[in-house]
Amino acid sequence: MSDLASHLDDALAAARGGEDVILTEGGLPVARLGPVESASLLERLAEEGVIAVPASDRAVPRLPQAEAAKDALSSLLGRLRR
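Residues numbered from 1 in each chain as written. Predicted model: local features only at pLDDT ≥ 70, side-chain atom pairs only at ≥ 80, totals over all residues. Heavy atoms only, no water.

Thoughts on the overall build of the protein
- Broken down by element type, the protein carries three helices and two strands.
- If you list the helices and strands of the protein from N to C, you get α-β-β-α-α.
- Burial analysis of the protein (82 residues in total) assigns 6% to the buried set.
- Residue pairs at least 24 apart in sequence account for 6% of intrachain contacts in the protein once pairs closer than 6 positions are excluded.
- About 7300 Å² of surface is accessible on the protein, with carbon and sulfur atoms providing 57% of the total. (Helix = DSSP H or I, 4+ residues; strand = E, 2+ residues; numbered from the N terminus. Buried < 20%, exposed > 50% of the residue type's maximum accessible area, 1.4 Å probe, protein only. Contact = heavy atoms within 4.5 Å. Areas by Shrake-Rupley, 256 points an atom, 1.4 Å probe, with all protein chains shown as cover.)

Encoded structure:
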């Protein structure tokens, strides 16, 4: 603990880097200085390999049913406007 004041910048840099810094008093651990978890749940799950993030350039397929429904709706609206 007495060294903490003189090495606080180093301890904070280690915590920013993701490390846990264990503070001791008389050779016994009394506290832990560590990073604050600010990553979102999805980011953390992706980093841990629990989920896979889809590619942003992935094309969304056009389903034939959706095209048919769109055509039917357009046809219906056209008839209603007459």
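A few points about the environment of A52
- When you line up the elements, A52 lands in the loop between α2 (41-47) and α3 (64-81).
- Among the residues examined, A52 registers a relative accessible area of 70% and is labelled exposed.
- Along the primary structure A52 and L42 are separated by 10 residues, whereas in three dimensions their C-alpha atoms are 9.5 Å apart.

Structural notes on the pairing of strand β2 (residues 28-33)
- Among the six residues that make up β2, zero are buried, leaving the element largely open to the surroundings.
- Pairing of strand β1 (residues 21-25) with β2 involves five bridges; the strand directions are antiparallel. From the neighbouring strand, L23 faces β2, where its bridge partner is A31.
- Between β1 and β2, which pair antiparallel one after the other, the connecting turn spans two residues, and G26 there sits at a positive phi close to 65°. (Pairing = 2+ DSSP bridges.)

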